[in-house]
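The residues making up each chain are set out below.
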Amino acid sequence: MLRMNYRRPLVATTLGLAISIAATSAWAQFRKPEDAIKYRQGAMFVMGNHFARIGAMVNDKVPFDAATVQADAAIVASLARLPFAGFIAGTDKGDTKAEVEIWTEPEKFRAAAQAMQDKLAQLNAAAKTGNREQIKQAFGAAGESCKSCHDNYRKE
Ligand code: ASC
(Lines give C-alpha, C1' and ligand atoms only; values in the text may rest on other atoms or scores of the structure.)
Protein backbone atom coordinates (compact mmCIF):
# COMPACT_ATOMS: atom_id res chain seq x y z
CA MET A 1 0.00 0.00 0.00
CA LEU A 2 2.73 2.37 0.99
CA ARG A 3 4.54 1.68 -2.26
CA MET A 4 1.48 2.31 -4.41
CA ASN A 5 0.75 5.61 -2.70
CA TYR A 6 4.32 6.62 -3.16
CA ARG A 7 4.17 5.91 -6.89
CA ARG A 8 0.84 7.48 -7.67
CA PRO A 9 2.02 11.11 -8.02
CA LEU A 10 4.75 9.99 -10.41
CA VAL A 11 2.23 8.13 -12.57
CA ALA A 12 -0.11 11.11 -12.53
CA THR A 13 2.68 13.52 -13.44
CA THR A 14 3.96 11.32 -16.27
CA LEU A 15 0.45 10.89 -17.65
CA GLY A 16 -0.23 14.62 -17.38
CA LEU A 17 2.99 15.41 -19.17
CA ALA A 18 2.27 12.91 -21.95
CA ILE A 19 -1.20 14.36 -22.48
CA SER A 20 0.03 17.93 -22.60
CA ILE A 21 2.80 17.03 -25.06
CA ALA A 22 0.26 15.25 -27.27
CA ALA A 23 -2.12 18.21 -27.08
CA THR A 24 0.48 20.81 -28.00
CA SER A 25 2.64 18.85 -30.44
CA ALA A 26 0.77 20.14 -33.49
CA TRP A 27 1.71 23.65 -32.47
CA ALA A 28 5.15 22.81 -31.21
CA GLN A 29 6.21 21.76 -34.71
CA PHE A 30 5.86 25.30 -36.00
CA ARG A 31 7.19 28.54 -34.59
CA LYS A 32 4.32 30.55 -36.07
CA PRO A 33 1.08 29.89 -38.01
CA GLU A 34 2.67 31.14 -41.26
CA ASP A 35 5.27 28.40 -40.93
CA ALA A 36 2.54 25.75 -40.89
CA ILE A 37 1.07 27.24 -44.08
CA LYS A 38 4.47 27.31 -45.79
CA TYR A 39 5.18 23.79 -44.61
CA ARG A 40 2.04 22.25 -46.12
CA GLN A 41 2.44 24.27 -49.33
CA GLY A 42 6.08 23.25 -49.59
CA ALA A 43 5.27 19.57 -49.10
CA MET A 44 2.54 19.73 -51.75
CA PHE A 45 4.82 21.65 -54.11
CA VAL A 46 7.49 18.95 -53.94
CA MET A 47 4.85 16.21 -54.28
CA GLY A 48 3.35 17.95 -57.31
CA ASN A 49 6.75 18.29 -58.93
CA HIS A 50 7.64 14.61 -58.63
CA PHE A 51 4.09 13.54 -59.51
CA ALA A 52 4.27 15.62 -62.70
CA ARG A 53 7.55 13.90 -63.67
CA ILE A 54 5.70 10.59 -63.62
CA GLY A 55 2.89 12.17 -65.65
CA ALA A 56 5.36 13.37 -68.26
CA MET A 57 6.57 9.79 -68.72
CA VAL A 58 3.23 8.01 -68.86
CA ASN A 59 1.94 10.69 -71.24
CA ASP A 60 4.94 10.35 -73.59
CA LYS A 61 6.36 13.81 -72.97
CA VAL A 62 9.69 12.28 -71.99
CA PRO A 63 11.05 8.76 -72.55
CA PHE A 64 9.76 6.18 -70.07
CA ASP A 65 12.31 5.03 -67.53
CA ALA A 66 11.12 2.60 -64.87
CA ALA A 67 13.86 3.41 -62.34
CA THR A 68 13.08 7.12 -62.51
CA VAL A 69 9.36 6.47 -62.05
CA GLN A 70 10.13 4.26 -59.06
CA ALA A 71 12.22 6.98 -57.43
CA ASP A 72 9.57 9.65 -58.06
CA ALA A 73 6.68 7.47 -56.89
CA ALA A 74 8.54 6.59 -53.69
CA ILE A 75 9.14 10.28 -52.96
CA VAL A 76 5.52 11.23 -53.59
CA ALA A 77 4.16 8.34 -51.50
CA SER A 78 6.43 9.12 -48.57
CA LEU A 79 5.62 12.85 -48.64
CA ALA A 80 1.87 12.20 -48.80
CA ARG A 81 1.40 12.36 -45.04
CA LEU A 82 3.31 15.58 -44.53
CA PRO A 83 0.93 18.32 -45.68
CA PHE A 84 -1.68 17.38 -43.08
CA ALA A 85 0.56 18.23 -40.14
CA GLY A 86 0.36 21.80 -41.42
CA PHE A 87 -3.42 22.20 -41.32
CA ILE A 88 -3.45 23.29 -37.71
CA ALA A 89 -6.12 25.41 -36.05
CA GLY A 90 -6.03 29.09 -36.95
CA THR A 91 -4.30 28.66 -40.32
CA ASP A 92 -7.37 29.10 -42.50
CA LYS A 93 -6.32 32.75 -42.75
CA GLY A 94 -3.16 34.25 -44.20
CA ASP A 95 -1.27 33.40 -47.38
CA THR A 96 -3.37 30.33 -48.13
CA LYS A 97 -6.07 29.08 -50.48
CA ALA A 98 -7.32 26.58 -47.92
CA GLU A 99 -11.11 26.47 -47.62
CA VAL A 100 -12.58 26.73 -44.13
CA GLU A 101 -14.33 23.35 -44.60
CA ILE A 102 -10.98 21.74 -43.82
CA TRP A 103 -11.60 22.79 -40.22
CA THR A 104 -15.40 22.68 -40.16
CA GLU A 105 -15.67 19.15 -41.60
CA PRO A 106 -12.39 17.58 -40.48
CA GLU A 107 -13.63 13.98 -40.78
CA LYS A 108 -14.38 14.44 -44.47
CA PHE A 109 -11.06 16.19 -45.03
CA ARG A 110 -9.22 13.40 -43.24
CA ALA A 111 -11.00 10.81 -45.36
CA ALA A 112 -10.02 12.67 -48.55
CA ALA A 113 -6.42 12.81 -47.34
CA GLN A 114 -6.48 9.08 -46.61
CA ALA A 115 -7.91 8.34 -50.07
CA MET A 116 -5.08 10.30 -51.67
CA GLN A 117 -2.48 8.49 -49.55
CA ASP A 118 -3.99 5.14 -50.54
CA LYS A 119 -3.89 6.03 -54.25
CA LEU A 120 -0.28 7.15 -53.97
CA ALA A 121 0.63 3.90 -52.18
CA GLN A 122 -0.97 2.06 -55.12
CA LEU A 123 1.00 4.20 -57.56
CA ASN A 124 4.16 3.35 -55.63
CA ALA A 125 3.30 -0.36 -55.86
CA ALA A 126 2.60 -0.05 -59.59
CA ALA A 127 5.91 1.77 -60.09
CA LYS A 128 7.73 -1.17 -58.53
CA THR A 129 6.33 -3.50 -61.19
CA GLY A 130 7.85 -1.31 -63.91
CA ASN A 131 4.74 -1.94 -66.02
CA ARG A 132 4.01 1.26 -67.91
CA GLU A 133 0.28 0.61 -68.39
CA GLN A 134 -0.20 -0.23 -64.72
CA ILE A 135 1.69 2.90 -63.74
CA LYS A 136 -0.33 5.03 -66.13
CA GLN A 137 -3.60 3.75 -64.69
CA ALA A 138 -2.47 4.25 -61.08
CA PHE A 139 -1.19 7.71 -61.98
CA GLY A 140 -4.61 8.64 -63.37
CA ALA A 141 -6.41 7.41 -60.27
CA ALA A 142 -4.01 9.26 -57.98
CA GLY A 143 -4.42 12.45 -60.02
CA GLU A 144 -8.19 12.18 -59.56
CA SER A 145 -7.74 12.08 -55.79
CA CYS A 146 -5.48 15.17 -55.91
CA LYS A 147 -8.05 16.96 -58.02
CA SER A 148 -11.09 16.05 -55.95
CA CYS A 149 -9.46 17.37 -52.77
CA HIS A 150 -8.36 20.56 -54.54
CA ASP A 151 -11.86 21.05 -55.97
CA ASN A 152 -13.41 20.70 -52.52
CA TYR A 153 -10.84 22.32 -50.24
CA ARG A 154 -8.78 24.78 -52.28
CA LYS A 155 -10.01 28.24 -53.26
CA GLU A 156 -9.66 29.30 -56.89
C1 ASC B 1 -0.50 17.24 -60.54
C2 ASC B 1 -0.66 18.14 -59.46
C3 ASC B 1 -1.91 17.98 -58.97
C4 ASC B 1 -2.59 16.91 -59.71
C5 ASC B 1 -3.89 17.34 -60.27
C6 ASC B 1 -4.51 16.21 -61.06
O7 ASC B 1 0.51 17.09 -61.21
O8 ASC B 1 0.23 19.00 -58.99
O9 ASC B 1 -2.44 18.62 -57.99
O10 ASC B 1 -1.66 16.52 -60.72
O11 ASC B 1 -3.72 18.44 -61.09
O12 ASC B 1 -5.69 16.61 -61.62
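Definitions and limits used
Residues numbered from 1 in each chain as written. Predicted model: local features only at pLDDT ≥ 70, side-chain atom pairs only at ≥ 80, totals over all residues. Heavy atoms only, no water. Phe/Tyr/Trp six-rings, centres within 6.5 Å; stacked < 30°, edge-to-face > 60°. Helix = DSSP H or I, 4+ residues; strand = E, 2+ residues; numbered from the N terminus. Buried < 20%, exposed > 50% of the residue type's maximum accessible area, 1.4 Å probe, protein only. Near = heavy atom within 4 Å. Polar contact = N/O pair within 3.5 Å; in protein donor to acceptor, adjacent residues only side chain to side chain. Areas by Shrake-Rupley, 256 points an atom, 1.4 Å probe, with all protein chains shown as cover. 1 Å grid on protein atoms, 1.4 Å probe; cavity = no way out; pocket = protein on both sides within 12 Å on 5 of 7 lines; lining within 4 Å. Points joined across faces, edges and corners; volume = space filled by probe spheres on them. Nonpolar A, V, L, I, M, F, W, Y, C, P; charged D, E, K, R; others polar.

Engineer: A description of the packing of aromatic side chains should follow, citing residues and the corresponding values.
Structural biologist: For the structure on display, the rule yields seven aromatic pairs. Measuring from ring centre to ring centre gives 5.1 Å for phenylalanine 109 and tyrosine 153, while their planes differ by 75°; the resulting arrangement is edge-to-face. With phenylalanine 109 in helix α5 (residues 106–129) and tyrosine 153 in helix α6 (residues 132–153), this residue pair connects regions lying 44 residues apart in the sequence. Each member of the pair phenylalanine 109 and tyrosine 153 is classed as buried. Each residue in the set Phe84, Phe87, Trp103, Phe109 and Tyr153 is aromatic and connected to the rest through ring pairs, giving one cluster.

Engineer: Tell me about the site of the ligand, and please be specific about residues and values.
Structural biologist: As a structural note, the neighbourhood of the ligand is formed by Gly48, Phe51, Gly143, Cys146, Lys147 and His150. Take histidine 150: an N or O atom from its side chain is 3.4 Å from an oxygen atom of the ligand. Considering the ligand on its own, with 310 Å² of exposed area, one finds that the protein chains cover 58% of that surface. Only α2 (33–58) and α6 provide two or more residues apiece to the shell around the ligand. Element by element, the count of residues in the shell around the ligand is highest for α6, at four residues.

Engineer: Could you give an account of the layout of surface pockets, with specific residues and numbers?
Structural biologist: As a volume, the largest pocket reaches approximately 570 Å³. The wall of the largest pocket is formed by 24 residues, among which Arg40, Met44, Phe87, His150 and Arg154 lie closest to the centre. Counting only elements with at least two residues in the lining of the largest pocket, the list comes to α2, α5 and α6. The leading source of residues in the lining of the largest pocket is α2, at six residues. Grouping the amino acids of the lining of the largest pocket by side-chain chemistry returns 16 nonpolar, four polar and four charged. There is about 280 Å³ of room inside the second largest pocket.

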